[in-house]
Amino acid sequence: MTQDPHSKNTVILSDSPRGLRAAAALLHAGEQVAFPTETVYGLGADARNPRAVAGIFAAKGRPAFNPLIVHVPDVEAARALAEFGDDARILAATFWPGPLTLVLPRRPAAGLADLATAGLETVGIRVPAHPLARRLLIAFGGPVAAPSANPSGRVSPTSAAHVLEGLRGRIAGVVDGGTCPVGVESTIVGFDGGRPILLRPGGIPVAALSEALGREIGRPVTTGIIAPGQMTSHYAPRAQLRLEASGPGPDELWLGFGPVESLRPGLNLSPSGDLAEAAANLFAHLREIDAMATKSGVKCVAVAAIPGKGLGEAINDRLRRAAAPRPAG
Ligand code: TXA
Ligand code: MG
């Protein structure tokens, strides 16, 4: 039998102190370890170790021009890595720990591997709120680069089982911390000449950011690209998605939202029409409905309209990417 030379024995680590110590030791050894955050599972590696960071790109099949988010346990650690302007300081004080990533000028002396930031002068930083992520970061004692723990372009993982589905054999381990409570990735904010710009809608609604700053958050002018995660096709399920449907057609499955039920088989993101519940269910439901479609030979999933307010902006953003035509192969 031939053995894939890259195949690893992926260990499942418990959320006990022992499990976290083992995860931190793997990170120190330059390995890649997935761990839960409040948004989605991240695939972590030592952000100062170029080989460890390269291992993230290899495991995910991620294009090397797409920079990673660096995770730290607190604002103080974040300030050692990047320069904070006034608005960045306010956002960090208001929303960290939490599902917000700030893209800031990187301090060259911080020792981050260039590959972690894809050679950019800026670095995306986040202080996650999930207690296991925080305990792991403290146990490790250094910055952890972590994209979502899925093969590049696929649906993000919100459970350890999802991580294993995509990356088993390609990473050293996964800390099993159950399901992620927020369910969509962090909101990403960058700065253009001091003006805050929304690079990706996410777990913190944009209105909350502008309220904290007392001014509007700008939208990127979409010419070149700032956040390659903004690439149009992303989160791609196998089935085609038809968005803002009023109901399923005869050859479609139904992904509903709110109390209106369909007689056609399908799932509901939130029967009560709660956006936080819909966000928490989004990626797991996309996986499940895709599996249902494959099993029953259905090619299209009709998705109910989701209101665009609050977390709805992030949900609709992910749905649009999941529905986008994707490059062949
Ligand atoms: O909630 C999250 O943000 C999760 C958890 C694990 O923290 N992480 C996550 O990472 O979603 P990822 O790699 O899937 O998405 C990170 C996004 C990418 O779109 C990347 O292009 C952008 O952040 N990004 C990172 N650093 C950047 C930088 N310096 N400038 C612009 N965009 C950056
Ligand atoms: Mg991702």
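Residue numbers restart at each chain and count upward from 1, following the sequence in its written direction. A letter from A marks each chain and a number from 1 marks each ligand, given out in the order of writing. Whole-chain, interface and lining totals are the exception, using all residues; otherwise, since this is a predicted model, local features are given only for residues with pLDDT of at least 70 and side-chain atom pairs are given and counted only at 80 or more. As a rule here, side-chain values come from all non-hydrogen atoms in the structure, and water together with hydrogens is ignored.

S.K.: Any chance you could break down unusual backbone geometry for me, citing the residues and the numbers?
M.R.: Among all residues except glycine, the phi angle is most often negative; among peptide bonds, the trans geometry is most common. Between tryptophan 96 and the following residue, proline 97, the backbone shows a cis peptide bond with an omega angle of -10°. Secondary structure elements follow DSSP: runs of H or I of four or more residues count as helices, runs of E of two or more count as strands, with numbering from the N terminus. As for its placement among the helices and strands, proline 97 is situated in the loop between helix H4 (86-95) and strand E5 (100-105). One non-glycine residue, alanine 118, adopts positive backbone phi at about 55°. Note that alanine 118 resides in the loop between E5 and strand E6 (122-126). Whether a residue is buried, partly exposed or exposed follows from its accessible area with a 1.4 Å probe, protein chains only, as a fraction of its type maximum: under 20%, in between, or over 50%, in that order. Here alanine 118 falls in the partly exposed class, since its relative accessible area comes to 24%. Positioned with a positive phi, glutamate 244 is a non-glycine residue whose angle comes to about 50°. Mapped onto the fold, glutamate 244 is located in strand E11 (residues 240-245).

S.K.: Can you lay out the packing of H4 against helix H7 (residues 206-213) for me, pointing to particular residues and giving the numbers?
M.R.: Taken N-terminus to C-terminus, the directions of H4 and H7 make an angle of 120°; their axes are 10 Å apart at the nearest point. If you check the angle between H4 and H7, you find them oblique. Judged by the twist between their axes, the crossing of H4 over H7 is right-handed. Judged by residue contacts, Asp87, Ile90, Leu91, Thr94 and Phe95 of H4 engage Ala208, Leu209, Ala212 and Leu213 from H7. Residue composition of the contact of H4 with H7, by class: seven nonpolar, one polar and one charged. Helix axes use the C-alpha atoms of the stretch in contact, all axes being lines fitted to C-alpha atoms, and the angles between their N-to-C directions lie in the range 0 to 180 degrees. Each angle is binned into one of four classes, with values under 35 degrees roughly parallel, values over 145 roughly antiparallel, values of 65 to 115 roughly perpendicular, and all other values oblique. Working rule for handedness: look at the near helix, and if it is turned counterclockwise from the far one by less than a right angle, call the crossing left-handed; if clockwise, right-handed. Any two residues whose heavy atoms approach within 4.5 Å are treated as being in contact. Residues are grouped as follows: Ala, Val, Leu, Ile, Met, Phe, Trp, Tyr, Cys and Pro are nonpolar; Asp, Glu, Lys and Arg are charged; all remaining types, including Gly, are polar.

S.K.: Please set out the packing of aromatic side chains residue by residue, giving values where relevant.
M.R.: Two aromatic rings from Phe, Tyr or Trp, using only the six-membered ring of Trp, form a pair when their centres are within 6.5 Å; if the ring planes differ by under 30 degrees the pair is stacked, by over 60 it is edge-to-face, and anything between is tilted. In this structure the tally under the stated criterion is one aromatic pair. When the centroid spacing of 6.0 Å and the interplanar angle of 75° are considered together, the rings of phenylalanine 84 and tryptophan 96 count as edge-to-face. Placement of phenylalanine 84 in the loop between helix H3 (75-81) and H4 and of tryptophan 96 in the loop between H4 and E5 is noted, with a sequence separation of twelve residues between them. Owing to a relative accessible area of 7%, tryptophan 96 belongs among the buried residues under this scheme. Lying over the aromatic face of phenylalanine 84, arginine 79 brings its terminal NZ or CZ to 6.0 Å of the ring centre. In this scheme, the term charge over a ring applies when either NZ of a lysine or CZ of an arginine sits within 6 Å of the ring centre and within 35 degrees of the ring normal.

S.K.: Pulling in residues and values, what's your account of the pairing of E6?
M.R.: Burial runs high along E6: four of the five residues are buried. Judged from the four bridges that link them, E5 and E6 form a sheet pairing that is antiparallel. Bridge pairing in E6 places leucine 102 opposite isoleucine 125. Here, a strand pair is defined by DSSP locating no fewer than two bridges between the strands.

S.K.: So what's going on with the nonpolar core? Residues and values would help.
M.R.: We define the nonpolar core as a collection of buried residues of types Ala, Val, Leu, Ile, Met, Phe, Trp, Tyr and Cys that are connected through side-chain atoms lying within 4.5 Å of one another. In terms of nonpolar packing, the biggest core is built from 47 residues, with Phe84, Trp96, Leu100 and Leu102 touching the most fellow members. For this core, the elements supplying multiple residues, two or more each, are strand E3 (42-46), helix H2 (50-60), H3, H4, E5, E6, helix H6 (160-167) and H7. Not counting chain neighbours up to four residues away, the residues in contact with leucine 102 comprise Phe84, Ala88, Leu91, Ala92, Trp96, Val123, Gly124, Ile125, Val189 and Phe191. Ranked by size, the runner-up nonpolar core spans 34 residues in total, among them Leu282, Val298, Ala302 and Ile306.

S.K.: Can you tell me about the pattern of salt bridges, naming the residues and giving the values?
M.R.: Here, a salt bridge means any side-chain nitrogen of Lys or Arg that lies within 4 Å of a carboxyl oxygen of Asp or Glu. Applying the stated criterion to the full structure yields twelve salt bridges. Residues aspartate 46 and arginine 48 are paired through a salt bridge, measuring 3.0 Å at the closest nitrogen-oxygen approach. In this structure, a network of salt bridges that share partners links the residues Glu185, Asp317, Arg318 and Arg321.

S.K.: Can you lay out H7 for me, pointing to particular residues and giving the numbers?
M.R.: Among all positions of H7, only Val206, Leu209, Ser210 and Leu213 are buried. Buried residues of H7, viewed axially, fall in a sector of 95°; they line one side. Facing away from the buried side of H7 by more than 90 degrees, the exposed set consists of Ala207 and Glu211. Along its buried surface, H7 packs onto H4, E5, strand E9 (187-192), strand E10 (195-200) and helix H9 (312-323). Phi turns positive, to about 70°, at glycine 214, one or two residues after H7. The directions considered for the arc are those from the helix axis to the C-beta atoms.

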